[in-house]
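Residue strings, one per chain:
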Amino acid sequence: MDMELDVIDLKMPDDCNLVFGMSHFIKSVEDIHEIMVNSVPGIKFGLAFSEASDKRLVRSSGNDDELTRAAADNILKIGAGHSFLVFMRNAFPINVLPALKNVVEVVRIFCATANPVQVLVARTELGGGIIGVVDGESPLGIEDEVAKKNRYEFLRQIGYKQ
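Figured I'd write up the structure that's included with this text. Since this is a predicted model, take the numbers as computed values, not measurements.

A word on unusual backbone geometry
Right, so step 1: A positive phi angle, close to 60 degrees, is found at Asp 54, a residue other than glycine.
Right, so step 2: When you line up the elements, Asp 54 lands in the loop between β3 (44–50) and β4 (58–62).

So this is what it looks like as structure tokens:
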């Protein structure tokens, strides 16, 4: 059995975040759509799901055409069944992750980020399987006391801690 390894660079639209995961059923498209619109007022998003059987289509939905097209184009390029990708603006992954994790069809979240992402895909005669992701860049060092203080202040400045 032959296997190839692909590294797929996600092409993320400007000023957005993403959630990339795996789900086992076409119903996920509607369930994820509902979660997105019910989680954050004013959220803009696009999502795509890679169907793994029957017609094997990329299924998509959203309330922003640019983000929906980008999600569909990227999920098609990844080419791994039962994966889904959500691009969002006016919200952060932290706003939707608890609800997404509770979708009964969602079996894994690979990453939730605004960083550049590479998806590692193993390809066999059956298709593509996601091995993992590279989320952002490698660390340059260990935080010192000044960096700890800056992190502490930043989280309070943006309202995530009091």
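Overview of the nonpolar core
Right, so step 1: Of all hydrophobic cores here, the largest spans 21 residues; its most connected members are Leu 18, Phe 20, Ile 78, Phe 87 and Val 119.
Right, so step 2: For this core, the secondary structure elements donating two or more residues are β2 (17–23), α2 (65–78), β5 (83–89), β6 (106–113) and β7 (117–123).
Right, so step 3: Grouped together as the second largest cluster of nonpolar side chains are 19 residues, Val 19, Met 36, Val 40 and Leu 97 included.

Considerations on the pattern of salt bridges
Right, so step 1: Enumeration according to the criterion identifies eight salt bridges in this entry.
Right, so step 2: A salt bridge links Arg 59 to Glu 51; the nearest nitrogen and oxygen atoms lie 3.1 Å apart.
Right, so step 3: Since its relative accessible area comes to 25%, Arg 59 is described here as partly exposed.
Right, so step 4: Accessibility expressed as a relative area gives 11% for Glu 51, which makes it buried.
Right, so step 5: Two residues, Glu 145 and Lys 148, come together in a salt bridge whose shortest N-O distance is 3.7 Å.

Things to note about the packing of aromatic side chains
Right, so step 1: The full count for this structure, using the stated rule, is one aromatic pair.
Right, so step 2: The positively charged end of Arg 156 is found above the aromatic ring belonging to Tyr 152, 3.5 Å away from the centroid.

As for the environment of Asn 90
Right, so step 1: Topologically, Asn 90 is positioned in the loop between β5 and α3 (93–101).
Right, so step 2: A residue is classified by how much of its surface remains accessible, and Asn 90, at 55% relative accessible area, is exposed.
Right, so step 3: Excluding its chain neighbours within four sequence positions, the residues that come into contact with Asn 90 are Val 40, Gly 42, Ile 43 and Lys 44.
Right, so step 4: Polar contacts involving the side chain of Asn 90 include one to the main-chain carbonyl oxygen of Gly 42, which spans 3.1 Å.

Parameters and conventions
- Residues numbered from 1 in each chain as written.
- Predicted model: local features only at pLDDT ≥ 70, side-chain atom pairs only at ≥ 80, totals over all residues.
- Heavy atoms only, no water.
- Helix = DSSP H or I, 4+ residues; strand = E, 2+ residues; numbered from the N terminus.
- Core = buried A, V, L, I, M, F, W, Y, C linked by side-chain atoms within 4.5 Å.
- Buried < 20%, exposed > 50% of the residue type's maximum accessible area, 1.4 Å probe, protein only.
- Salt bridge = Lys/Arg side-chain N within 4 Å of Asp/Glu carboxyl O.
- Phe/Tyr/Trp six-rings, centres within 6.5 Å; stacked < 30°, edge-to-face > 60°.
- Lys NZ or Arg CZ within 6 Å of the ring centre and 35° of its normal.
- Contact = heavy atoms within 4.5 Å.
- Polar contact = N/O pair within 3.5 Å; in protein donor to acceptor, adjacent residues only side chain to side chain.

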